[in-house]
Amino acid sequence: MARSITVVAPSSTANLGPGFDVFGLALDAFFDEVTLTKKITKNVSIQTGDDIPTNPDKNTAGLVVKNMMKKFNIKDGIEIKIKKNVPAGYGMGSSAASAAAAAVAFDKLYRLKLDGNLLVECAGVGEKASAGAIHYDNVAASVLGGFVIVRTNPLDIIKIDPPANLRMVIGVPHLKVPKKKTKVSRGVIPKKINFTDSILNLSNASAIVAGFMNKDSELIGKSIKDVIVEPARKQLIPGFSKVKENALKAGALGVTISGAGPSVIAFSNSSGNLKKISRAISKGFISAKIQSQTIICKPSIGASIKK
Ligand code: HSE
């Protein structure tokens, strides 16, 4: 059996508009890297050059590993080496990427051969550390890749391969984000919603699924419409309305908040207009005096062993 293994896991976008806590899409924008090494000393330790907790009980990958050791009765010492590349706190599934890489690495290191649902469940334990509540949309995408639909009680993930021409532009505003950002942005979501709004969101969510099934990027993009969560959360993102208006004018098919924000994500079915959409997003943020970075990306295949 190998003594050490390295897994990379991608960034992801959650919700895709109307699919709050249900939809996720793996993005090849950034990858976190986790190396697990068996040690003779009987403890779990974390090595990293990045600004993240090194106490395994406060670190997403640490929590995943400790939980899996308990669940599968493994008593080795393990060193977890983490290279974080997914920017934390911007709505690109940063904590999920480390958690996903840790779960997949553990599965491979101990040859557990867990199925997708179990791997996602194990990775989801890491999310609790950052969001305060377990939500599986980002980890499911990061573990399995592609587009995912999360059903809970019992956990059941449906994965659909995205259309080959689907492209995204992410706009990352240079804002100072609160430490428990996901918790904060979950706090502004309405407790009660109108029945008509739920019908609108359900119709668009259904159309997004049909778009992925039929490999129809235009249908996916045009159905990225959320009348429940986006209106509540956009107040936390200066310039959001202008960014959205600009990106749509530049040819984006749909625009929404990426996960819990503050990044914004625009969808397109052509590589031809991505630079124009990027510029439009940057200008939108500048109208609110916010600098930003844009990233052009496509769906990712999910976590994999680093060769
Ligand atoms: N679905 C979660 C939320 C994703 O929007 O709060 C957080 O990354």
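How each quantity is defined
Residues numbered from 1 in each chain as written. Predicted model: local features only at pLDDT ≥ 70, side-chain atom pairs only at ≥ 80, totals over all residues. Heavy atoms only, no water. Near = heavy atom within 4 Å. Polar contact = N/O pair within 3.5 Å; in protein donor to acceptor, adjacent residues only side chain to side chain. Areas by Shrake-Rupley, 256 points an atom, 1.4 Å probe, with all protein chains shown as cover. Nonpolar A, V, L, I, M, F, W, Y, C, P; charged D, E, K, R; others polar. Domains from an automatic or database assignment. Pairing = 2+ DSSP bridges. Helix = DSSP H or I, 4+ residues; strand = E, 2+ residues; numbered from the N terminus. Axes fitted to C-alpha atoms, helices over the stretch in contact; angles between N-to-C directions. Contact = heavy atoms within 4.5 Å. Expected span 1.5 Å × (residues − 1). Buried < 20%, exposed > 50% of the residue type's maximum accessible area, 1.4 Å probe, protein only. Parallel < 35°, antiparallel > 145°, perpendicular 65-115°, else oblique. Left-handed = near helix turned anticlockwise from the far one by under 90°.

**Thoughts on the site of the ligand**
No. 1: Around the ligand, the neighbouring residues are Ala14, Asn15, Phe20, Asp21, His135, Asp137, Asn138, Thr182, Arg186, Arg233, Gly259 and Ala260.
No. 2: Here an oxygen atom of the ligand sits 2.9 Å away from a polar atom, N or O, in the side chain of Asn138.
No. 3: The separation between an oxygen atom of the ligand and a polar side-chain atom of Arg186 is 2.7 Å.
No. 4: Against a free-state accessible area of 260 Å², the protein chains account for coverage of 96% of the ligand.
No. 5: Looking at the shell around the ligand residue by residue, the class counts come to three nonpolar, five polar and four charged.
No. 6: Mapped onto the domain boundaries, the shell around the ligand takes at least three residues apiece from domain 1 (4-162 + 301-305) and domain 2 (166-297).

**Regarding the sheet that holds strand E10 (residues 292-297)**
No. 1: Sheet architecture is open: four strands sit in the order E8-E9-E7-E10, paired in antiparallel fashion. In this open sheet, the two edge strands, each paired with only one partner strand, are strand E8 (254-257) and E10. Mean inter-strand twist for the sheet, computed between neighbouring axes without regard to direction, equals 20°.
No. 2: On the sheet, helix H9 (residues 240-249) packs against E8 and strand E9 (264-268) and is oriented at approximately 160° with respect to E8.

**Remarks on helix H2 (residues 94-109)**
Since the α-helix packs 3.6 residues into each turn, any two residues three or four apart lie on the same face.
No. 1: The terminal C-alpha atoms of H2, which comprises 16 residues, lie 23 Å apart, in line with the 22 Å expected from a rise of 1.5 Å per residue.
No. 2: Of all 16 residues in H2, 15 are buried, a share of seventy percent or more.
No. 3: Just beyond H2, the residue with positive phi is Arg111, at close to 45°.

**Quick word on the packing of helix H1 (residues 60-71) against H2**
No. 1: For the pair H1 and H2, the least separation of the axes is 8 Å and the interaxial angle reads 30°. Considered as vectors, H1 and H2 are oriented roughly parallel to each other. For the pair H1 and H2, the sense of crossing is right-handed. Contacts between H1 and H2 pair Thr60, Ala61, Val64, Val65, Met68 and Met69 from the former with Ser95, Ser98, Ala99, Ala102, Ala103, Phe106 and Asp107 from the latter.

**Points about the pairing of strand E3 (residues 44-48)**
No. 1: Taken together, the five bridges between E3 and strand E4 (residues 77-83) define a ladder with parallel strand orientation. Of the residues in E4, the one forming a bridge with Ile46 is Ile80.

**Section: the environment of Ala207**
No. 1: Note on placement: Ala207 falls in helix H6 (residues 195-213).
No. 2: Considered as a pair, Ala207 and Leu219 are 12 residues apart in the sequence and their alpha carbons are 6.9 Å apart.
No. 3: Excluding its chain neighbours within four sequence positions, the residues that come into contact with Ala207 are Leu219 and Ser223.

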